[in-house]
Structure formats: structure tokens, C-alpha cells
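Each chain is listed here by its residues.
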Amino acid sequence: MGYRDLPQLVDVRGNMIRNGAYSKRSWSQITDIARHHSVSTGNDGRDISGWHANDNGWPSIGYHFVILEDGTIEWTNSVNRIGYHVGNNNTPLIGVCSIGNGSFTQAQEDSWEDLVKAIRETDGLDQISISDVKGHNEYPGHATNGCPGINMDTVRSRLRGGSGGSSSGPPKYGPNNESFASYHDDKWMVKKDSYLESQQLLNRVEDAGLDEDGILGQNTLNATRDFHDKYNISKRGANFYGVPGPATLKKLRELDNDDGSGDNPAPKSGEGIVDYLNRIGVDSSYNNRKSMAESHGITNYSGTASQNTKLLELVSGSGTRGKSSNPPANSGEGIVDYMNRIGMDSSYDNRKDLAENTYGISNYTGTASQNNDLLNELSG
Ligand SMILES: [Zn+2]
């Protein structure tokens, strides 16, 4: 067991902006883990690699790991490279940067603890004790630096709390002192399931050619980023960019269920099926209409007015356009209860993601009217 086995770890080393390579070191030279914050929100390792490589002129990103706000751990730089992150102290350090400015999500703190424990469990890195886990401003010459934006005594005491101190023996995870495997299986099962479904759907809908293994690896991340770009689900730098979360799944399921009719424009007011088909460049002959009708489940098509109206609805998607496939909300039901009932993640972060990135509800802060809008969108 080591850091490479963490289920929330994504190897993005190949996706970093580079000027060159950092110097090599042997693992036996490594003694410490140094914690940093990005003094920014909504960024990822690639953004930081741009600041470090382009703005600072460094070889690439100075940190070895970056922890995103949703708890994803990005592996950004090989551990056998000496990154730049604490001035003259870098040679023995592993640099870990949490995205944030002195304020971090619970998912990030969980992942930070997971990462430190997993590094300390990695063969060849088990010389690192919890007292060797330090903040940027605990190193000589850096005392006035605001980084890492968190009290490291608290951080170390939390690390000791989960593992019974810096004693030997395998670390334990979670409030019940579980083994790594059982703790993470429970904690990440939901994600593994949704990653697997995303891979299956990306393969069907986008012909992505992904391994269907439920692991958020580089190929799945890249395919999901392309998908986010294509359907404007999130943008580079957003928290969930490239993560196959609920908004991604919803769009994928929609496309997977789509027979293609939804891509056609809406009919004009009073427009009949023949005029409509002519306008969008589709053969409007009786024979073609009959075959389209039958493929849409209209039996015994003979061109009656009601059959033509139904066919127009089906071909243009006007009968179902914009409707959600979720069940209706119960009377008086709030957004959180509704999402919980239909099995969606009702956390504030996910609601904000859906509101802003899927439904165009800008500056979501969870007001009653925003929640009402979101409920209406979700429940159709
Ligand atoms: Zn720092």
C-alpha cells in the first residue's frame, strides 16, 4: 500500500506545463512533507504549473501533489524530483498544496490526511514521522509567510488522532480506526460507481474508448474534460472540471436516451410536418413520413392530422424538450430532501455546481428562491 493506491489520486503529471525537468534525488534523501495553500480558489495543478513555469520560469509545477476542493488528489510531479516550494529547504521535501486561501473543504482535509498516511506507508518513504509533517512557514527563513493558512499543530494532532501517534505499525483510517481498504471501499464506492457509469456512457455516447474500470485515470479525466467543454458543463479552473459528477452523468444519460430528435429545431407556430421537414432538409414524402412514424412508434400511419401532429412533436422533440426525467417533487418538499430522495448528492458544493454549471443559476449561494429554481429545473 502506498500513495499510488489512493482511490482519489489522479496522475496528471503528463498534463503539466513544462519548461524543463527538476533535478533528481533518491527517496532516501526525503525526510519531510511540507504543506502549502494556493492562495486562490477554483484552480488545479495545471493552472499552477502555468504560473510556476510561465510566470516564475521554473521547470514546471513546484509541488508534488495538489489537493482540489472536491478532495481529488492530483499527482503533479514525480516524488524523485526536487520541486521548488520552500526556498533553500527543498531537497528533502515533498510539497503538497491544497487549493484554497486559508480555508479548505472537509473533502480536502480528509484527502490531506489520506495522502500523508499513504506516503508514510509507501515503501522507501516510511522514514517520515508525523513531526516531519510541517507547514511552509515552519521552515527556516519562512516564518513570516502566511502559507499554509492552517495551524499545523492542529493538523499534526489530527494526524496523530487517526493513527494513534507516530508509532510504528500500519496507520488506521476514519473515526472507527479501520484498515485502509475497508475505510476507502465505503467512502469511495459511490464515486467508483458513478465513474464506472460515466465511462460506460462516454464510450457509448462519445465513442471515448475508455477502460470501464471505475477509476478516474488520466484518459477518463481527459474524456470528461472534453465532454465538459463540448456541453459547457464546467470550465477549466472550475472545481469539477473533468470530474464525472452528477451534472456530467445527467447530461450523459440524456444523450444516451436521445434518439437524435432533440437535435432538430423547434417547429414554428402553426407549421405542419411537411413544411417543417422541408425546412430542416428532410425528405417529406409520404413514404418517408410513414417510415419515420413507425420508427417513432406511431402504428398504421396513414397521414391523419393527429398522426402528423404527433410525428412533428416526436421529430422536433417539442413534446419533451427541456423536460427532466426525474420524478416530480412532493408538495412542500425542499431541494435537499428532494435530492436525497432521488439519490443525488445534496451537498452545497454539488447544488452550486448544478445550479451554475448546468442550469445557469448564477452566483448560487443557496437562497430560497435559487433553491426553488433549482428544484423546478431538476424535477421538470
Ligand atoms: Zn507555501
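Computed from a prediction, not measured in an experiment: that's the story for all the values here.

Structural notes on the overall build of the protein
Move 1: When you go through the protein residue by residue, the secondary structure sums to 12 helices and 6 strands.
Move 2: Looking at the protein alone, contacts between residues at least 24 apart form 62% of all its contacts between residues at least 6 apart.
Move 3: A total accessible area of about 17700 Å² is found for the protein, and carbon and sulfur atoms account for 46% of it.

A word on the coordination of the zinc ion
The textbook angles at a metal center are 109.5 degrees for a tetrahedron of four donors and 90 or 180 degrees for an octahedron of six.
Move 1: Note on the zinc ion: its protein donors are His36 (ND1), His136 (ND1) and Cys147 (SG). The metal-donor distances range over 2.0 to 2.2 Å.
Move 2: Spacing between the donor residues of the zinc ion along their common chain follows H-x99-H-x10-C. In this pair, His36 sits in strand S2 (residues 32-37) while His136 sits in the loop between strand S6 (133-135) and helix H3 (152-163), placing the two residues 100 residues apart along the sequence. Across this residue pair, the class does not change: His36 and His136 are buried.

Brief notes about the packing of aromatic side chains
Move 1: Going through the model one piece at a time under the given rule, you end up with 8 aromatic pairs.
Move 2: With a centroid separation of 5.5 Å and 80° between ring planes, the pair formed by Trp58 and Tyr84 is classed as edge-to-face. Of this pair, Trp58 sits in the loop between helix H1 (45-55) and strand S3 (65-67) while Tyr84 is found in the loop between strand S4 (73-75) and strand S5 (93-98), placing the two residues 26 residues apart along the sequence.
Move 3: Among the residues examined, Trp58 registers a relative accessible area of 24% and is labelled partly exposed.
Move 4: Judged by relative accessible area, Tyr84 falls into the partly exposed class, the value being 35%.
Move 5: When the ring of Tyr348 is compared with that of Tyr364, the centres are 5.8 Å apart and the planes differ by 40°; the resulting orientation is tilted. Of the two residues, Tyr348 is situated in helix H11 (residues 348-358) and Tyr364 in the loop between H11 and helix H12 (368-379); the sequence distance between them amounts to 16 residues.
Move 6: Of the residues examined, Tyr348 reaches a relative accessible area of 35% and is grouped as partly exposed.
Move 7: The exposure class assigned to Tyr364 is buried, which follows from its relative accessible area of 0%.
Move 8: An aromatic cluster of at least three residues, connected via ring pairs, comprises Tyr3, Trp27, Phe65 and Trp75.
Move 9: One cation-aromatic arrangement involves Arg35 over Trp112; the distance from NZ or CZ to the ring centre is 4.7 Å.

Some words on the nonpolar core
Move 1: Grouped together as the largest cluster of nonpolar side chains are 24 residues, with contacts concentrated most on Tyr3, Ile33, Phe65, Ile94, Trp112, Leu115 and Ile119.
Move 2: Where this core is concerned, the elements lending two or more residues are S3, S4, S5, helix H2 (106-121) and H3.
Move 3: The dominant element in this core, judged by the number of residues it contributes, is H2, at 5 residues.
Move 4: In this structure, Leu249, Tyr359, Ile361 and Tyr364 belong to the second largest nonpolar core, which totals 21 residues.

A look at the side chain of Asn90
Move 1: Among the structural elements, Asn90 can be located in the loop between S4 and S5.
Move 2: Of the polar contacts made by the side chain of Asn90, one reaches the backbone nitrogen of Val86; its length is 2.7 Å.
Move 3: Polar contacts involving the side chain of Asn90 include one to the main-chain carbonyl oxygen of Gly87, which spans 2.8 Å.

Concerning the confidence of the model for the protein
Move 1: In this model, the protein carries an average pLDDT of 83, and 86% of its residues clear a pLDDT of 70 or more.
Move 2: Put simply, helix H4 (residues 180-206) is where the protein has its lowest mean pLDDT, 68, and S5 is where it has its highest, 98.

Things to note about the environment of Ser291
Move 1: Tracing the backbone through its elements, the reader meets Ser291 in helix H8 (residues 286-295).
Move 2: Assessed through its relative accessible area of 42%, Ser291 is described here as partly exposed.
Move 3: C-alpha separation for the pair Ser291 and Tyr301, spaced 10 residues apart in sequence, amounts to 8.6 Å.

Quick word on the packing of H8 against helix H9 (residues 305-316)
Move 1: One can describe the packing of H8 onto H9 by two numbers: an axis separation of 10 Å at closest approach and a directional angle of 70°. Here H9 runs roughly perpendicular to H8, going by the angle between their axes. Here the hand of the crossing between H8 and H9 comes out left-handed. Within the contact between the two elements, H8 uses Arg289, Met292 and Ala293 and H9 uses Asn308, Leu311 and Val315.

A few points about the side chain of Asn15
Move 1: Looking at the secondary structure, you find Asn15 in the loop between strand S1 (9-11) and S2.
Move 2: Asn15 sits in the buried class, given a relative accessible area of 17%.

Comments concerning the pairing of S5
Move 1: The buried count for S5 comes to 6 of 6 residues, which makes it a mostly enclosed element.
Move 2: Neither face of S5 is exposed, since Leu93, Gly95 and Cys97 on one face and Ile94, Val96 and Ser98 on the opposite face are all buried.
Move 3: By the bridge criterion, 6 bridges tie S2 to S5 in an arrangement that is parallel. Looking at the pairing, His37 lines up with Ser98 of S5.

Describing the state of the cysteines
Move 1: Overall, the coordinates contain 0 disulfides when judged by the stated rule.
Move 2: Cysteine Cys97 shares no disulfide, and the gap to the nearest cysteine sulfur, in Cys147, comes to 6.8 Å.
Move 3: The exposure class of Cys147 is buried, given its relative accessible area of 7%.

Conventions adopted
Residues numbered from 1 in each chain as written. Predicted model: local features only at pLDDT ≥ 70, side-chain atom pairs only at ≥ 80, totals over all residues. Heavy atoms only, no water. Helix = DSSP H or I, 4+ residues; strand = E, 2+ residues; numbered from the N terminus. Contact = heavy atoms within 4.5 Å. Areas by Shrake-Rupley, 256 points an atom, 1.4 Å probe, with all protein chains shown as cover. Donors = N, O, S within 2.8 Å, 3.2 Å for Na, K, Ca; no water. Buried < 20%, exposed > 50% of the residue type's maximum accessible area, 1.4 Å probe, protein only. Phe/Tyr/Trp six-rings, centres within 6.5 Å; stacked < 30°, edge-to-face > 60°. Lys NZ or Arg CZ within 6 Å of the ring centre and 35° of its normal. Core = buried A, V, L, I, M, F, W, Y, C linked by side-chain atoms within 4.5 Å. Polar contact = N/O pair within 3.5 Å; in protein donor to acceptor, adjacent residues only side chain to side chain. pLDDT = per-residue confidence, 0-100. Axes fitted to C-alpha atoms, helices over the stretch in contact; angles between N-to-C directions. Parallel < 35°, antiparallel > 145°, perpendicular 65-115°, else oblique. Left-handed = near helix turned anticlockwise from the far one by under 90°. Pairing = 2+ DSSP bridges. Disulfide = S-S within 2.5 Å.

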